[in-house]
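Here's the letter readout for the chains.
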Amino acid sequence: MSAPTVPPQHPRGAGRYAPSPSGDLHLGNLRTAILAWALARRSDRAFHLRLEDLDRVQEGSAQRQLEDLVAIGLDWDGDVVRQSARGASHAEAIDHLVDRGLVYECYCTRREILEAPSAPHAPPGAYPGTCRDLTEPERAAGRQRMHELRREPALRLRAGTTTWRVHDLWAGEVTGTVDDLVLRRGDGVVAYNLAVVVDDAAAGVDQVTRADDLLSSAPRQAHLAHLLGLPEPGYAHVPLAVNAAGARLAKRDGAVTLRDRLERGESAADVVGHIGDSLGLPGCRRAADVLERWEPGSLSSQPWLVRLAD
Ligand code: GLU
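Throughout this description, residue numbers start from 1 for each chain and increase along the sequence as written. At least 70 in pLDDT is required for a residue's local features to be given in this predicted model, at least 80 for side-chain atom pairs to be given and counted, and no such filter applies to totals for whole chains, interfaces and linings, which use all residues. Note that the side-chain values use all heavy atoms of the structure and ignore hydrogens as well as water.

Phi is mostly negative for residues that are not glycine, and the peptide bonds are mostly trans. The phi angle at D44 is positive, at roughly 60°, despite the residue not being glycine. Only DSSP runs of H or I covering at least 4 residues are called helices, and only runs of E covering at least 2 are called strands; the numbering of each starts at the N terminus. Position of D44 among the secondary structure elements: in the loop between α1 (27-42) and β2 (46-51). The phi torsion at R150 lies on the positive side, around 55°, for a residue other than glycine. Along the polypeptide, R150 turns up in the loop between α5 (136-148) and β5 (154-157).

Take a look at the structure:
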């Protein structure tokens, strides 16, 4: 099988926003979306929208998210991509790795992975390599066990390294851990890490803007792109929005989605105003105001503490 092909690139690359349609977008999500859009437009890149709908989809959420993004003034190039429609490309990428001996079956349960002694210096949760070098009889026993559990083995990448370096617009050069990540889960669903790499490359994305809880995943994703012969993107990880307790903002934190705010009598322009305030840009009413006035270098590396009068 040949390597996945790289499509003709937009002459100046592309940025993207890639929400998971698992509920309405909250202020933190909307801020990340605006910044992704502003960074792409500023640098004369294309801007794409991809719905990461491989799992945890909430009925109707994708449509609502798109409406909300339009309401705050975003636009995008080309059709919205649904990740669930990209199965053939995901399978092709896995086949390509299989052909090169870079994939193995994993029979571990989540609990076994957590309880296994981890390799020295590996961060908690990194895969300890239990199934990496099993003998054929051990694999047969693993498959039998999966069969009894009515599960498929997961497929893991045989990573070629334990660290990889990426470049982040704000964090600079970041070297992070690479482990044998899951490519296809035991329930048959393609793993996020594989899908994101394949789909970004297929869309010519060279600027990955998203929340900074994914910064630690960037090195393993860039390494996977490298193994697939795909260009490694640059990254721009935006600090998360948090509640008063410092925890990641969530729907239960009150009126934090655009729709909640509209119900409270605010307008979409007011919501863009809150986002502008968080960036030190008072008086923004539309995403275009942020595009015009925001200096990326001025972004605080601290989380955005969201405090709104109800
Ligand atoms: N779909 C992920 C999310 O909504 C973002 C993944 C990415 O941007 O790489 O958190």
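We treat two strands as partners when DSSP finds at least two bridges between them. Read from one edge of the open sheet, 3 strands run β4-β5-β8, paired in antiparallel fashion. Lying at the two open borders of the sheet, with one neighbouring strand each, are β4 (103-106) and β8 (182-184). Here the strands of the sheet are splayed against their neighbours by 45° on average, with no regard to which way each runs. Note that β5 and β8 share 2 bridges and pair antiparallel. By the bridge assignment, L155 is partnered in β8 with R184. To obtain an axis, a line is fitted to C-alpha atoms, over the contacting stretch when the element is a helix, and the angle between two such axes runs from 0 to 180 degrees between their N-to-C directions.

With that settled, the discussion passes to the pattern of salt bridges. In what follows, salt bridge is the name for a side-chain nitrogen of Lys or Arg lying within 4 Å of a carboxyl oxygen of Asp or Glu. Taken as a whole, this structure holds 24 salt bridges when the rule is applied. With a shortest N-O distance of 3.1 Å, R41 and D75 are connected by a salt bridge. Remark: D75 occurs in the loop between α2 (61-71) and β3 (81-82) and R41 occurs in helix α1; sequence separation between them is 34 residues. What makes R41 partly exposed here is its relative accessible area of 23%. Categorising residues by exposure relies on relative accessible area from a 1.4 Å probe, with only protein chains included: less than 20% of the type maximum marks a residue as buried, more than 50% marks it as exposed, and the intermediate range marks it as partly exposed. Given a relative accessible area of 40%, D75 falls into the partly exposed group. Residues E105 and R143 are paired through a salt bridge, measuring 2.8 Å at the closest nitrogen-oxygen approach. One end of the pair, E105, is in strand β4; the other, R143, is in helix α5, and 38 residues separate them in sequence. With a relative accessible area of 22%, E105 lands in the partly exposed category. Here the salt bridges do not stand alone but share partners, grouping R16, R50, E52 and D200 into one network.

The subject of this paragraph is the nonpolar core. What is meant by a nonpolar core is a set of buried Ala, Val, Leu, Ile, Met, Phe, Trp, Tyr and Cys residues, joined one to another through side-chain atoms within 4.5 Å. Within the largest apolar cluster, 39 residues are counted, with the highest numbers of intra-cluster contacts made by L69, V290 and W294. Counting only elements with at least two residues in this core, the list comes to α1, β2, α2, β10 (234-238), α9 (268-278) and α10 (287-293). Among the elements that line this core, the one with the most residues is α1, at 10 residues. Contacts: residue pairs with any heavy atoms within 4.5 Å of one another. Leaving out residues up to four positions away in the same chain, V290 has contacts with I34, L35, V272, L279, L281 and C284. Counting 33 residues, the second largest nonpolar core, distinct from the first, contains L181, L183, V190 and Y235.

A few words now on empty space enclosed by the protein. Points on a 1 Å grid, built from protein atoms alone, make a cavity when a 1.4 Å probe fits but cannot get out and make a pocket when they are open with protein on both sides within 12 Å along at least 5 of 7 lines; residues with an atom within 4 Å of a point are the lining residues. Grid points are joined across faces, edges and corners, and a volume is the space filled by probe spheres set on the points. Under the defined criterion, the tally for this structure stands at 1 cavity of 30 Å³ or more. Reported here for the largest cavity is a volume of approximately 90 Å³. Secondary-structure elements contributing two or more residues to the lining of the largest cavity are α6 (192-202), β9 (205-211) and α7 (218-227). Sorting elements by how many residues they give to the lining of the largest cavity places α6 first, with 4 residues. Of the residues contributing to the lining of the largest cavity, the split by class is 10 nonpolar, 1 polar and 3 charged. When residues are grouped by polarity, Ala, Val, Leu, Ile, Met, Phe, Trp, Tyr, Cys and Pro land in nonpolar, Asp, Glu, Lys and Arg in charged, and all others, Gly among them, in polar.

Throughout, the term near means that a residue has one or more heavy atoms lying within 4 Å of the molecule or strand in question. The environment of the ligand is made up of R16, A18, P19, S20, E52, Y192, V196, R210 and L214. Taking A18, its main chain carries an N or O atom lying 2.8 Å from a nitrogen atom of the ligand. Notes on the ligand: free accessible area 300 Å², of which the protein chains cover 76%. For the shell around the ligand, a count of residues per class yields 5 nonpolar, 1 polar and 3 charged. For the purposes of these results, a polar contact is taken to be a pair of N or O atoms within 3.5 Å, where, inside protein, one atom must be able to donate a hydrogen and its partner to accept one; residues adjacent in sequence count only when each atom of the pair is a side-chain atom. Note on areas: Shrake-Rupley with a 1.4 Å probe; residue coverage comes only from the protein chains shown.

Before going further, it helps to examine the packing of helix α3 (residues 87-99) against α6. Packed helices, taken two at a time, are described by their axes: the angle between them and the distance between them. It is the contact of α3 with α6, at a shortest axis distance of 10 Å, that shows an interaxial angle of 105°. It follows that α3 is roughly perpendicular to α6 by the angle criterion. Touching S89, H90, A93 and I94 of α3 are L194, A195, V198 and D199, all from α6. Here the residues of the contact of α3 with α6 are counted per class, giving 5 nonpolar, 2 polar and 1 charged. Note on terminology: angles under 35 degrees are roughly parallel, angles over 145 are roughly antiparallel, angles of 65 to 115 are roughly perpendicular, and the others are oblique.

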